[in-house]
Amino acid sequence: MSNIAYINNRPHEFLPGETILKFVKRIQGERTIPTLCDVPNLEPFGSCRVCSVDVALVQNGPVKTQASCHTPVTAGTYIYPSSDRVKKLRKNIIELVLTDHPLDCLTCEVNNNCELQTVAAEVGIRDVRYPEGKNHLDRKKDLSHPYMTSDFSKCINCFRCVRACDEVQGQMVLSMAGRGFDSHIIKGLNTSFKESDCVSCGACAQACPTSAISDVFESKSVAYDEKVRTVCTYCGVGCNLEVAKKNGEVKSIQAPLDAAVNGGHTCLKGRFAFGFYNHQDRITSPMIRKNGELTPVSWDEAYSFIADEFNRIKSNYSPDYIAAVSSARCTNEENYLMQKFMRAVIGTNNVDSCARVCHSPTALGMQRTFGTGAATNSIVDLKFTNCIMVIGANPTAGHPVTGAKLKQHAMKGKMTIVIDPRKTELAKYAHYHLQLRPGTNVALLNMMLYYIIQEGLEHKEFIESRTEGYEQFKEGVLRQNIDELESITGVDRELIRKAAIAYASSGNAMSFHGLGVTEHSQGTYTVMLIADLAMITGNIGRRGVGVNPLRGQNNVQGAADMGCQPHQGAGYLDVTNSDNHAKYEAYYGAKLPLHIGYKIPQMYDASLNDKLKAMWVIGEDMAQTDPNTQHVVSALKKLDLFIVQELFMTETAKLATVVLPGASFLEKDGTFTNGERRIQKVQKVVEPLPGTKPDGQIIVDIMNQMGYKQPDYNPSTMLQEISGIVPFFEGVKWEELGKNGKQWPVNKSGEGTEILHTESFKIGKGKFIGNNFRESEEILQNGKEFPYIITTNRELEHYNCGAMTRRTKNAEILKEDVLLICKEDADKHFIQDGDLVCVESARGKVDIKAKITDEVKPGVLSSTFHFPEIMLNNITSSVSDSEAMCPEYKVVAVNIRKSKGQYKHQPQTQLS
Amino acid sequence: MARKLLLEHAQVEGIHTYDVYRKNGGYKAVEKALKSMSPEDVVEEVKKSGLRGRGGAGFPTGMKWSFIAKPEGVPRHLLCNADESEPGTFKDRYLMEKIPHLLIEGMIVSSYALGCNSSYIYIRGEYMYVLQILERAIAEAYANGWLGKNIQGSGYDLDLHVSPGAGAYICGEETALIESLEGKRGNPRMKPPFPAVQGLWARPTVVNNVETIAAVVPIVNEGGDSYAAIGVGKSTGTKLISASGNINKPGVYEIELGVSVEEFIYSDQYCGGMKNGKRIKACVPGGSSVPILPHYLITKTAAGESRLMTYESLADGGFASGSMLGSGGFIVYDEDQCIVRNTWNFSRFYHHESCGQCSPCREGTGWMEKVLHRLEYGHGKMEDIDLLWDIQRQIEGNTICPLGDAAAWPVAAAIRHFREEFEWHVNEPKRCLETNYGLVKEKTFESVNA
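Bear in mind the structure is a predicted one, so any value in this text is a computation, not a measurement.

This part covers empty space enclosed by the protein. All names here are of chain A. Evaluated as defined, the whole model comprises 10 cavities of 30 Å³ or more. One number sums up the size of the second largest cavity: a volume of about 130 Å³. Taken together, the elements giving at least two residues each to the lining of the second largest cavity come down to helix H11 (400-411) and strand E23 (546-549). A per-class count over the lining of the second largest cavity returns 7 nonpolar, 7 polar and 3 charged.

To continue, consider the confidence of the model for chain B. Per-residue confidence for chain B gives a mean pLDDT of 94, with 98% of residues at or over 70. Across the assembled chains, the prediction reports ipTM 0.86 with pTM 0.90.

Residues and elements named next belong to chain B. Considered domain by domain, chain B is made up of domain 1 (18-227), domain 2 (232-334) and domain 3 (339-448). Once you take the C-alpha centre of each, domain 1 and domain 2 turn out to be 27 Å apart. In this assembly, 19 residues from domain 1 lie in contact with 25 residues from domain 2. Carbon and sulfur atoms make up 52% of the surface buried where domain 1 meets domain 2, a total of about 1,600 Å² over both sides. Three residues stand out in domain 1 for area buried against domain 2, namely Arg-52, Arg-54 and Phe-90, and they jointly supply 30% of the buried area on that side. Counting the contacts that link domain 1 with domain 2 gives 2 salt bridges. One salt bridge connects Glu-312 with Arg-52, and the closest N-O pair in it is separated by 2.8 Å. Where domain 1 touches domain 2, the interface holds 16 residue pairs in polar contact (both at pLDDT 80 or more). The element best represented in the side of domain 1 that touches domain 2 is helix H5 (residues 91-98), accounting for 3 residues. Along the lines of polarity and charge, the residues of the side of domain 1 that touches domain 2 split into 6 nonpolar, 8 polar and 5 charged.

Our focus in this paragraph is the interface of chain A and chain B. Between chain A and chain B, the residue contacts involve 34 residues of the former and 31 residues of the latter. A buried area of about 2,700 Å², summed over both sides, lies between chain A and chain B, and 54% of it is on carbon and sulfur atoms. Asp390(B) is paired through a salt bridge with Arg129(A); the nearest N and O atoms lie 3.0 Å apart. Here chain A is connected to chain B by 20 residue pairs in polar contact (both at pLDDT 80 or more). Of all elements in the fold, only helix H2 (84-98) and strand E8 (174-177) of chain A reach the threshold of two or more residues within the side of chain A that touches chain B. Considering every element that reaches the side of chain A that touches chain B, the biggest residue donor is H2(A), with 7 residues.

Rules of the game
Residues numbered from 1 in each chain as written. Chains lettered and ligands numbered in written order. Predicted model: local features only at pLDDT ≥ 70, side-chain atom pairs only at ≥ 80, totals over all residues. Heavy atoms only, no water. 1 Å grid on protein atoms, 1.4 Å probe; cavity = no way out; pocket = protein on both sides within 12 Å on 5 of 7 lines; lining within 4 Å. Points joined across faces, edges and corners; volume = space filled by probe spheres on them. Helix = DSSP H or I, 4+ residues; strand = E, 2+ residues; numbered from the N terminus. Nonpolar A, V, L, I, M, F, W, Y, C, P; charged D, E, K, R; others polar. pLDDT = per-residue confidence, 0-100. Domains from an automatic or database assignment. Contact = heavy atoms within 4.5 Å. Buried area = accessible area lost by both parts, 1.4 Å probe. Salt bridge = Lys/Arg side-chain N within 4 Å of Asp/Glu carboxyl O. Polar contact = N/O pair within 3.5 Å; in protein donor to acceptor, adjacent residues only side chain to side chain.

So, in structure tokens, the structure goes:
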């Protein structure tokens, strides 16, 4: 009896904590109780009262009307969800709401998809008895923003947008002003969407039950032909998107509520920045450089030219004179094909991917300590953790959906530690912000380890039973000179000690890290120390803990999983191991090389030393994004054959000898693997633009052109092939991936894994590996002459080189790269906000507009490289991680001065 | 002569200063409580006293205190609700203005009983000068060691803060008050969780009215039993009544609960009878939100018994023929007053003060105001009266906080008892603008029991 309640006098079992609304809907169906202010992904709010039901303590006894959305079910009560009284009440409430709503349904964007309209129809409003009076129908529309729109004459004051802004995104832009009848939604301090701090995530538009808030794509309109569910192509969060198409074109995007990853939320890139896919700049024909000009050719001509050139170089030199860079923006299947092509058809291990320049140290560091180079836990674990430690990552800009969840955690006052040279958005909410000098992660983490040991906060049992190498490691940590480390990091030791204690004593602590950890000369070592921190505190192998790299690109996890690495084949098997070698040869039916190939930086060096003659690059703009631009460009220019497979004529494509037009994520099928190892279905929404082909098909065509029989690109058969060779993909089948995919390892019976290392580590026992701080070569060599450190970062609105986002209206929101500089440094050089600053390093110089901010400390500068106008990588260095060869984007020794050009220019304009 | 427990020294020259207050027996309750009583003892005395919330709802204070959650290591808070904004109610202002130290003393003793180390007085924004009085008094209390660390060497610490509202009636609702005190828009919260479990900053919190807290001082001084000896039944002790309207002596009176309404209105000790010898037409005994009583239900209940100034007697007959003691905002109307106009005036207030969160209240208060305005100005239709009835029915009980009820009850009661006056407004629109309807006819109560 303790969990029985009655609906219309029939007994039903209710779940613990279930609200009346959920209970009745579960038993009687979704549409049995109308609601206006209730949304599944927001907390109950109880303001519209349309969901009211009658509740009695005895059968047919005296009833009390209660709002079902927030009233928990009480055992033994009698619920009457649609008594006459309640029906009348609902009707009266809707009638009141309609007195202040324009009844222009036929011309409204959300006609036929309006919750108010639906509820009004359900409760049967035939007449509004109220005489005309004062209303709010004359409110002005807000069309100021490139994406967001509002028309508050349609607002019904349900607070859903306000709650979405608070609870989902945490931006707090929308709020309710005025009282009672005067209640109205405002943005910021009563400004427009454009002027406000809105981050254009669109959560409010999706939450709004009417068209009071919407977007320029009218994503709530029913005027579409079909909706297709797919996965976002931007960051590694892997948001599910629901793409509406009309007349063969993408119309709008929304976030499905039932998505495990993003549950009804996504960011402005995922939701709005899709306009690139049919932008006029798309390359729509293969091109070959003839007489110095890229000239459109047929696919056949391009294929035979490529095959001939590959064959020529293979026979004139060797297969190792050919290299490929696969794309983390492409699907697993395409990446698998790319490495298979290089290994089985060309016969070289010279295949790498852009994981090299972002998370290769993560993969390596975590492989060495845990055995698996991937996030140990899932994002859903945030619900179960007490403490988050975010190191070298700016998730609210780089991984907005996960970032919003982390921000929610921090805003609830739960322990949050941020280790970052910049005062990131999250740092503003953190308990501890350890604002270290760029490049000193290892020193700082060693201090944390030191204090954990000194305070006796090690998890002895975990260390004893699950790890090895602790004693030696401990000695190394205790030998550290704290005075020295403190001055190296520039962070007060007391703050570090407190943060260490907080992390170690929180019970369940999760760490997250980004490129601020990996893109350093000691990147791999830093990752290993993060792993050490997790092991020493026992934060591995259960809910709410773990080491969780925030993977940069949508499929950077997958690119490495599929073997686009010179030392490991598909499934991370060592290519130099003879057993693996035999296995691969048998599976591919070809002769494979046994030696490790070139990593990306080595490819450039090889080209400059005449050891590399051909390169095939898919979807990577290394000329803009790889460090030390001049070095990269001269290496690429030196190649005989440089194939660039791209959507747009990027800075890299401009250097190509052959350009192949690939297809965007909206135009192909396949799978992406997100940062939590979740393999999700990418489904074609529209046909590839005429003249373009899915990248996988291009690779297959060239494989066949070169005499290797590979069936046409098809995700289902490709996955079947992959599952035969990649151990952790064993049970992955296209047909069984469902809406939310599966997290690898997926066993034979198709079960995925949310948490790794629960019983034992992949390598048996976790390995403690200590490392000492070592100053970056960049600082040692150039630090004297170039006393400032510039570190690179990302902005929310743009994605990496910006090839895609700059071709959307995101470019109207954020127009240029700027140099973040603190007031003190700016004053020293007479730099004012908006001045052009010349930033010079040992490699080169760039002119960039200054933005004075408190986000960086004196001596530290920061900027982005989203725009080719600046080409910030002209100044970044070729120093890279000693282990994984990930370039050190984050520590560049520079000097600054007010730009001469600007300085001279300004007085002239003033004089004239 | 009736006993005065709160206002005994209200007229003493300089009682608002620490020295005079102390000389007149001030802070003895703190001394007694800190020296000779445990917090539980204080709670026990308050329980024994039968003290009920003086803000309007009349919930037993001792019981409210015993509900406060006491999780280990989590601070608790006592909030004093001094956001007195109910039309017709001005007793708290008088008390704070005259004897600020009484409230402070009550806050110290109550905070001690509840185990709070930081307590807050949330005062109505319009009471800015009272805020200054309180701040001066609090500074005196700090200076004399009655607030701060280690009060009078007892080891008990208490910080007392005063925070002004910004002019919203809704912030007198306890959860809206908490939101406002936290710096947010004053929207009421859903319950559960109740403030006793998750209140200010999600910590266990008790919110009490000014008068309630002040009453703890005599209870501690003289003992709960002695307090409970005053009054009738479950209405114990004394109560401050804000008397206003067409009476000879409007003002704040401290009555012993149990005094008859007749005595209160007509005796010289209190209201001193009707002004200009007019006949009484109606009475709102507990602030604008409680049901209005027609002339024949003021001094006698429907059952013919004498109506007393107690929680029970004023509520006798339920909403059909009774009302509520409420906050003690006692408004008297003579035969020249227009009930429709008065109801419209009240509705205008609630329309203005609805926070806008719940649809029925946000839209409903607006339409009640509009419809009543139309009736009062002679443009009404007969259906409007039913429409009004319909609106108030869907507001009552269907909102997150009691503001909806407070807006609905006066309208319901006005229609219930004065329907003929509403109909007269429709039937004789011109006359209603020039003259008033006068007294309504007596009714029996089976017929109007809605």
